[in-house]
Amino acid sequence: MKHVFSFLLALLVAAAAQAQGVLKFEQELHDFGSVPEGTMATHEFKFKNVGNQPVIIANVQASCGCTTPDWTKTPVLPGKTGIVKAVYSSAGRPGIFNKTVTVTSNAASPSTVLTIKGNVLNKEQVKSTLTPAQLAQSPRLVLDRTTHDFGKMEAGQAPVARFTVKNTGKQDLVLGAITSQCYCVGYRNVPSPIKPGQSAVVELVYSQRKLGAQAEPVVITSNDLNGDAKLTLKATVVQDLNAGSMVKESGASVPFK
């Protein structure tokens, strides 16, 4: 009887050891090929849980900050599918790239490494591959203005500047990354592609902490082969707006008028 119990216990232990989720990716390498500079190269790695227990992805870590991963956050049940999305920002990064995304989960293999690669072409390189007719079909980015002055703002605030962008070209205009020397300018919301002849309001968030008069050059990249859009954000940044707006009158502090 003792031997039978030991045998059954061994079977239970073995069964428990085999009760695990298993991530099976359709592919673990994606080659974007040639990517025009300024675009956000995006790929979804699809996987299926071929095990017998739910799989939970704990973290997805990219090998560099230029790759922004996203993934299925809910438990993936046996037989169900999920995705790991990798986004490579090509703005300011011409040339060949080869980046990895490490997926950590409670699956039988707790770590899976995915790879994305490609070659970022600058606008001149892209233009050289197109015929005049193809170039004429390019989207065109036109800003309603090239300067926005926030006036006086408090350090740590994040005011929003709204620009109207019109696509006067003949293909969808896709806005890419924003570059600035202060690394303090970004989209409030990721803009959607703009159809030919259409306009859209693009909101830029300015989170400058450096005090004093500021004039920040900003570049908005896009798939407009004629060049990137350039604008300037201006502001006078103070430590405390309230402190600067109070004066002494008859011994009492009153709002400055």
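Parameters and conventions
Residues numbered from 1 in each chain as written. Predicted model: local features only at pLDDT ≥ 70, side-chain atom pairs only at ≥ 80, totals over all residues. Heavy atoms only, no water. Disulfide = S-S within 2.5 Å. Salt bridge = Lys/Arg side-chain N within 4 Å of Asp/Glu carboxyl O. Helix = DSSP H or I, 4+ residues; strand = E, 2+ residues; numbered from the N terminus. Buried < 20%, exposed > 50% of the residue type's maximum accessible area, 1.4 Å probe, protein only.

## Topic: the state of the cysteines
Stage number 1. One pass over the structure, following the stated rule, counts one disulfide.
Stage number 2. Covalently, C182 is tied to C184 through a disulfide, its sulfur atoms 2.0 Å apart. In this structure, the disulfide formed by C182 and C184 twists by about -80° around the S-S bond and is classed as left-handed.

## Some remarks on the pattern of salt bridges
Stage number 1. One pass over the full model with this rule turns up six salt bridges.
Stage number 2. A salt bridge links D228 to K123, with the nearest nitrogen and oxygen atoms 3.1 Å apart. Here K123 lies in helix α2 (residues 123–128) and D228 lies in the loop between β15 (212–222) and β16 (229–238), a separation of 105 residues in the sequence.
Stage number 3. In this structure, the salt-bridge partner of R145 is D144, at a minimum N-O distance of 3.2 Å.
Stage number 4. Given the relative accessible area of 26%, R145 is considered partly exposed.
Stage number 5. Take D144: its relative accessible area is 44%, and that puts it in the partly exposed class.
Stage number 6. Among the charged side chains, a network of salt bridges with common partners joins R162, R188 and E203.

## As for the environment of V165
Stage number 1. By the secondary structure assignment, V165 is in strand β11 (residues 160–167).
Stage number 2. In this structure V165 comes out as buried when scored by relative accessible area, which is 2%.
Stage number 3. For V165 and A200, which are 35 residues apart along the polypeptide, the C-alpha to C-alpha distance reads 5.4 Å.

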